[in-house]
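Tertiary structure, described
Spelled out from the first residue to the last, the chains are:
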Amino acid sequence: MASWPAWQHAITEARLDGPIAPGSTFHWATAGLTIDSTIYAVDAERHRILWGGPAHGITGVHEWTFTEDGDRVVVRTRESWAGAPIDADRDNLAAALDDSLASWLDALKKAAEAEAQ
């Protein structure tokens, strides 16, 4: 997580307090927001991490899975947002969430492909 700013340029800061394990917290900043998140689950066997927390009235829950497929890795992510800001502007914030997920995956793909060269 601490290396997020190196490949995810929308993130300006990231710091993990402790190991990548349930209950550990990390702090990160993006789009002018400072966010404190908690790791809820790490499933090494299924190559899955679940994390989230509140930020500016929105509670986000993020799930990432990584599946080996020959000489490549397939990354899937799901995220949900809930809270009063979402209820007030569901369509626009749903579109923002979709854009955010696409941006994260695109940045990760570019970083992985650059690393492989």
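Scoring rules and cut-offs
Residues numbered from 1 in each chain as written. Predicted model: local features only at pLDDT ≥ 70, side-chain atom pairs only at ≥ 80, totals over all residues. Heavy atoms only, no water. Helix = DSSP H or I, 4+ residues; strand = E, 2+ residues; numbered from the N terminus. 1 Å grid on protein atoms, 1.4 Å probe; cavity = no way out; pocket = protein on both sides within 12 Å on 5 of 7 lines; lining within 4 Å. Points joined across faces, edges and corners; volume = space filled by probe spheres on them. Nonpolar A, V, L, I, M, F, W, Y, C, P; charged D, E, K, R; others polar. Buried < 20%, exposed > 50% of the residue type's maximum accessible area, 1.4 Å probe, protein only. Polar contact = N/O pair within 3.5 Å; in protein donor to acceptor, adjacent residues only side chain to side chain. Contact = heavy atoms within 4.5 Å. Salt bridge = Lys/Arg side-chain N within 4 Å of Asp/Glu carboxyl O.

**Some points on unusual backbone geometry**
One non-glycine residue, Ala 31, adopts positive backbone phi at about 50°. A positive phi angle is found at His 47, which is not glycine, with a value near 55°. When you line up the elements, His 47 lands in the loop between β3 (33-43) and β4 (48-55).

**Structural notes on the layout of surface pockets**
In this structure, the largest pocket encloses a volume near 450 Å³. Taken together, 24 residues make up the lining of the largest pocket; nearest its centre are Trp 28, Thr 30, Leu 33, Ile 35 and Trp 81. Mapped by element, the contributors of at least two residues to the lining of the largest pocket are β2 (25-30), β3, β4, β5 (58-69), β6 (72-82) and α3 (90-116). For the lining of the largest pocket, a count of residues per class yields 13 nonpolar, 10 polar and one charged. By volume, the second largest pocket is sized at about 370 Å³. Lining the second largest pocket are 13 residues, with Val 73, Val 75, Leu 108, Lys 109 and Ala 112 positioned closest to its centre. Elements supplying a minimum of two residues to the lining of the second largest pocket: β6 and α3. The element contributing the most residues to the lining of the second largest pocket is α3, with six residues. Looking at the lining of the second largest pocket residue by residue, the class counts come to nine nonpolar, no polar and four charged.

**What about the side chain of Ser 37?**
Along the chain, Ser 37 falls in strand β3. Ser 37 sits in the buried class, given a relative accessible area of 2%. Within the local environment of Ser 37, its side chain forms a polar contact with the side chain of Trp 28, the two groups lying 3.0 Å apart. Contact partners of Ser 37, with chain neighbours within four places excluded, come to Ser 24, Thr 25, Phe 26, Trp 28, Trp 51 and Gly 52.

**What to know about the pattern of salt bridges**
The full count for this structure, using the stated rule, is eight salt bridges. Between Asp 43 and Arg 46 there is a salt bridge, with its nearest N and O atoms 3.8 Å apart. On the basis of relative accessibility, which here comes to 22%, the residue Asp 43 falls in the partly exposed class. The structure contains a network of salt bridges with shared partners spanning Arg 48, Glu 63 and Arg 78.

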